[in-house]
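Chain residues, written in single-letter form:
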Amino acid sequence: MIIAQKKTGVGKTRLNSQVPLKDSKAQVPSLEVHLDYLRVKVELHSSDDSELISFLKFIHPNQSEWIISHDVPYRNGRDWYDNRVQSSIGVSGGYKELQDDNGSIIGYECVLDLGGLYFANYNLVDQWRLITGLSNVYSARCQRIDIAIDDNTNGKIIPIGEMWEATKTGTKGNTALFQKTRYYESGGCGANNIPLRTWYFGSRNSGKMVRVYEKELHGCNGEKRRVMRFESELKRKYSQKVFDTVASLERPYINGNTGDKIDNNSFSIELSKVLGGIALGTIDFVNRYDLSGKYIKEYARCKRLHFWQEFIDKIGSFLRIRLPKVARTTEKSIAWITRQVAGLLNAIKEGVGSAKLWEYLMDAMDERCKYKGSYHDLVTGTLREHPELLRVS
């Protein structure tokens, strides 16, 4: 079991203890909610590797199962790490030294990928303890988190047929938050050599993606069983938001705010609601067409489709992860023009000449003048006061 320190006071999110703990909608026996992947980055401020070893033992206490390969690089996206670490229980990663201006070691930066094999060894409460410890003790930054919902009836509960059909409705589909879809079959397995199917919703390059796929799991006695898995993959700012949300959860008290706290089984049901709700909140299926067949752009005006609401009811919640809106500034807009638009304008100029390009720009600006708003006034006022902002840095 993973033991983690806990925060108190500001920043904690208390689960609602008034929710009936035996609510059949929280999690039916045929559904299982769990983490399936986690990528975290930490900075360890120690001149020797003692804190690095302590961190690895926190992730997995059996030190003999860790393999540290010095000078064997590990790549994490665009980042390279000089040394590789891995464990036989589904963990891999790397670390590099942090040095001061004099070349002295002042700490280590470590990134770890925890896969499904790792999380199969821990129940949902232990997975919560892991995230709480990573956040509170190590101030970890989460780069990716996958939340899975396993349908142990092999697709009788997860409505993949209706989900896939909804994406084909009309010209844009009855989906919200995603439009890109893909279907894939892998090689056959099992006695009947039946292929495993995967349905993708969204792009792997975005911060959010959903996939539904068939998977064969191996039991303790070597038996195999096929499950249908709904999995939400969140990265970058979305994964950090989910990570912070889970780390802020507190185990509720049985009665009010004092006395004994609920047992692991009851708390696991509450965690299933939160994590399952986050997973389902990554995508939505709504009626995007009015009675005349016109596409409804405003998601909030659309009514959720019945089959999707039924699936939400079985989990018990639907939680959308919302990121704070980044305020637009004149400086950022000008930088965007320089970075994204200038190259295209240059190509147009070479194709049709400066005079034709200028004519196009004048016509385009005259057309856009019909839609002046508060941001138009902000940019105009800012550049009148600071014309030096309009330059290529």
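Residues numbered from 1 in each chain as written. Predicted model: local features only at pLDDT ≥ 70, side-chain atom pairs only at ≥ 80, totals over all residues. Heavy atoms only, no water.

**Q** Provide a residue-level description of helix α4 (residues 160–167), including the pertinent values.
**A** For α4, the complete set of buried residues consists of I160, M163, W164, A166 and T167. Buried positions in α4, seen along its axis, are confined to an arc of 160 degrees and lie on one side of it. (Buried < 20%, exposed > 50% of the residue type's maximum accessible area, 1.4 Å probe, protein only. Helix = DSSP H or I, 4+ residues; strand = E, 2+ residues; numbered from the N terminus. Arc of directions from axis to C-beta.)

**Q** Before we move on, could you go through the sheet that holds strand β10 (residues 175–176) and cite the residues and values that matter?
**A** A sheet is described by the order of its strands in space; here three strands give the open sequence β10-β18-β19, paired in antiparallel fashion. The sheet is open, and its two borders are formed by β10 and β19 (303–304), each paired with just one other strand. Alignment of β10 against strand β18 (residues 284–287), held across two bridges, turns out to be antiparallel. Paired with A176 across the bridge in β18 is D284. (Pairing = 2+ DSSP bridges.)

**Q** I'd like to hear about the pattern of salt bridges, residue by residue, with values.
**A** Applying the stated criterion across every chain, the model contains 17 salt bridges. Two residues, K96 and E109, come together in a salt bridge whose shortest N-O distance is 3.8 Å. Here the residue K96 occupies a position in strand β7 (residues 91–99), and E109 occupies one in strand β8 (residues 105–114), the gap between them amounting to 13 residues. Linked through salt bridges whose partners overlap, the residues forming this network are R144, D146, R211, E231, E233 and K235. (Salt bridge = Lys/Arg side-chain N within 4 Å of Asp/Glu carboxyl O.)

**Q** Can you tell me about empty space enclosed by the protein, naming the residues and giving the values?
**A** Applying the stated criterion to the full structure yields one cavity of 30 Å³ or more. What lines the largest cavity is K208, L234, I278, G281, T282, L319, R320 and I321. Looking at side-chain class alone, the lining of the largest cavity contains four nonpolar, two polar and two charged residues. (1 Å grid on protein atoms, 1.4 Å probe; cavity = no way out; pocket = protein on both sides within 12 Å on 5 of 7 lines; lining within 4 Å. Points joined across faces, edges and corners; volume = space filled by probe spheres on them. Nonpolar A, V, L, I, M, F, W, Y, C, P; charged D, E, K, R; others polar.)

**Q** Account for the confidence of the model for the protein chain, with residues named and values stated.
**A** The share of residues in the protein chain with pLDDT of 70 or more is 85%, and the mean pLDDT across the chain is 82. Looking at the elements of the protein chain, mean pLDDT is at its lowest for strand β1 (residues 13–14), recorded as 36, and at its highest for strand β9 (residues 141–151), recorded as 96. Counting contacts from residues 1–28, a segment whose pLDDT is below 50, to residues more than four positions away or on other chains yields 66 contacts. (pLDDT = per-residue confidence, 0-100. Contact = heavy atoms within 4.5 Å.)

**Q** How would you explain the pairing of β18 if you had to name every residue and give the values?
**A** Pairing of β18 with β19 involves two bridges; the strand directions are antiparallel. Counted as the bridge partner of V286 is R304 from β19.

**Q** Describe the packing of aromatic side chains, and please don't skip the residues or the numbers.
**A** Overall, the coordinates contain 16 aromatic pairs when judged by the stated rule. Between the aromatic rings of F55 and Y138, the centroid separation amounts to 5.0 Å while the plane-to-plane angle is 70 degrees, which identifies the pairing as edge-to-face. You can see F55 sitting in helix α1 (residues 50–59) and its partner Y138 sitting in the loop between α3 (124–136) and β9, a full 83 residues away along the chain. Since its relative accessible area comes to 1%, F55 is described here as buried. Classification of Y138 by relative accessible area gives buried; the value is 11%. Seen from their ring centres, F230 and F311 are 6.2 Å apart, and the 65 degrees between their planes marks the pair as edge-to-face. Placement of the pair is F230 in strand β14 (residues 224–235) and F311 in helix α7 (residues 306–315), with a sequence separation of 81 residues. Of the two residues examined, F230 and F311, each falls in the buried class. Here K96 stacks its cationic end above the ring of Y81, 5.1 Å away from the centre of that ring. Across from the ring centre of Y200, 4.3 Å away, lies the NZ or CZ of R182, which sits over that ring. (Phe/Tyr/Trp six-rings, centres within 6.5 Å; stacked < 30°, edge-to-face > 60°. Lys NZ or Arg CZ within 6 Å of the ring centre and 35° of its normal.)

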